[in-house]
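# Analysis of the macromolecular model
Each chain is listed here by its residues.
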Amino acid sequence: MGVVSSMDIFNQIVYLTGSLTTIVCIILCLVLFFTCKRKNAKGERIELDSRTEEKPWPLGTWIAGVFVAGTGVALMYAPGDLVGYVQQGLNPVESITMVALLNGAPVWALYSVMGLWYMKHMDSKIGKLAAMLSTVLGMSISLWTGMNTVARFIGLSFPGLKFMLAAITVLVAMISARNNLLKGMSRLAFLVFFFAFLAVLSTPLTDFKFSPITGRITGNFWREYFCGATAASWIFWFLSWTPTVSRWLAHISKGRTMKEYIAGTMILPTVLAAVWMSVSWMYQDVIMGFNLAKNISSFIPCVIFIISGILFMTGTLDSDCKVFTEDLEFLSSGKLNRRATIPWYGLFVLFVFSLFISGIIREPFAFNEYSSLIFMPLIIMSVMECVKIAGNSRKA
């Protein structure tokens, strides 16, 4: 029997705390969804009071903005994890449920709850600093993961390829940020995702094996979810993203009712994750077989997936850039203009990304996990704020 180190015990305590926090956030979101009214006694919409100068986004554009903020990018990475969980001993149903959970309600409940906190405390310096740090760290490791995925799809690897792809993605995002193209980028990325979805379904399966969904939830699933190393890294991943995604949700959610907000930021991402994971498993040989260098028959779906992934990454970079530069301008009392600091954000992200691909930081995920602990106090404050909102909604 191996010796359990104090660091292993610490990791388990933190991970269990994070898991239990996500459960509390799910319960809070459901309470708010079912108890908050859409209209007051006069028949007027009860809209969320977000202290932002951003004008309300149309509902369809808002959903696309939520999607690009995190759902789309996560779903592009997730199919490969399905195979990984099966290799660890989980059956197909458990693997699909695991990845859907790690990209669905537990994660987005965190984002939703903290988003409500940001709406009330948009001018909080602590909140803005947390969002800025989260933005650079989270986006850098997402860019690193995304470029690895794109390079695998292409089937080519030569020095500088990943950095070149990352630099192009960042450049496009910076151009979009300077010209306020995010709403169009969000809608475009949302559409491309569904084209990618259709591309998988329509791919000729003559060279691929169809994978049926079999099995049931067993004790292995719960042991992996609450104690597994892979699940732990995913929880830490999303904890590190929480401040920046939540800050973005608060920024774009002005004019939404509580029911619309919870439905769009927790329920819809969960449904999308479950559907996409099911399709990804059935067509896993198609997706895992995407490789332009070895399999020319996968050309069309592969190209669509690559374009979709880069658009998602560009949209996420753009939204994060907006958060970063606005908060930097606020913290500098207007001395650092938002438009002037847009290149700074791109350089920061590429610098941290370079530390990852160069091997200077050898364990990007471990680096990300421990940096996420900084945000735990803010998450607890958000839960307390949400409990207060839920209490007031029940009294109303």
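Refer to the structure printed above.
All right, on to the packing of helix H7 (residues 161-178) against helix H14 (residues 338-357) then. Geometrically, a packed helix pair is captured by the angle between its two axes and the distance between the axes. At a minimum axis separation of 10 Å, H7 and H14 run at an interaxial angle of 165°. In this view, H7 runs roughly antiparallel relative to H14, as classed from their interaxial angle. Crossing angle aside, the handedness with which H7 passes H14 is right-handed. Side by side, H7 and H14 meet where Lys162, Phe163, Ala166, Ala167, Val170, Met174, Ala177 and Arg178 of the first sit next to Arg338, Arg339, Ile342, Tyr345, Gly346, Leu350, Phe353, Ser354 and Ile357 of the second. Across the contact of H7 with H14, the residue classes tally to 11 nonpolar, two polar and four charged.

A word on unusual backbone geometry. A positive phi angle, near 60°, is found at Ser333, a position not held by glycine. Among the structural elements, Ser333 can be located in the loop between helix H13 (299-331) and H14. Here Ser333 falls in the exposed class, since its relative accessible area comes to 64%.

Bringing the pattern of salt bridges into the picture now. Per the counting criterion, the structure on display carries five salt bridges. For Lys128, the salt bridge identified is with Asp327, shortest N-O distance 2.9 Å. In this pair, Lys128 is assigned in helix H6 (residues 125-154) and Asp327 in helix H13, connecting sequence segments 199 residues apart. Linking Glu326 and Lys322 is a salt bridge whose minimum nitrogen-to-oxygen distance equals 3.6 Å. Remark: Lys322 and Glu326 occur in helix H13; sequence separation between them is four residues, near one turn of the helix.

A few words on the environment of Ala69. Note on placement: Ala69 falls in helix H2 (residues 59-77). For Ala69, a relative accessible area of 4% corresponds to the buried category. A C-alpha to C-alpha distance of 5.2 Å links Ala69 and Thr316, two positions 247 residues apart in sequence. Excluding residues within four positions of it along the chain, Ala69 makes contact with Val245, Trp248 and Thr316.

The rules behind each value
- Residues numbered from 1 in each chain as written.
- Predicted model: local features only at pLDDT ≥ 70, side-chain atom pairs only at ≥ 80, totals over all residues.
- Heavy atoms only, no water.
- Axes fitted to C-alpha atoms, helices over the stretch in contact; angles between N-to-C directions.
- Helix = DSSP H or I, 4+ residues; strand = E, 2+ residues; numbered from the N terminus.
- Parallel < 35°, antiparallel > 145°, perpendicular 65-115°, else oblique.
- Left-handed = near helix turned anticlockwise from the far one by under 90°.
- Contact = heavy atoms within 4.5 Å.
- Nonpolar A, V, L, I, M, F, W, Y, C, P; charged D, E, K, R; others polar.
- Buried < 20%, exposed > 50% of the residue type's maximum accessible area, 1.4 Å probe, protein only.
- Salt bridge = Lys/Arg side-chain N within 4 Å of Asp/Glu carboxyl O.

Function cannot be inferred from these measures alone, as they are strictly geometric.
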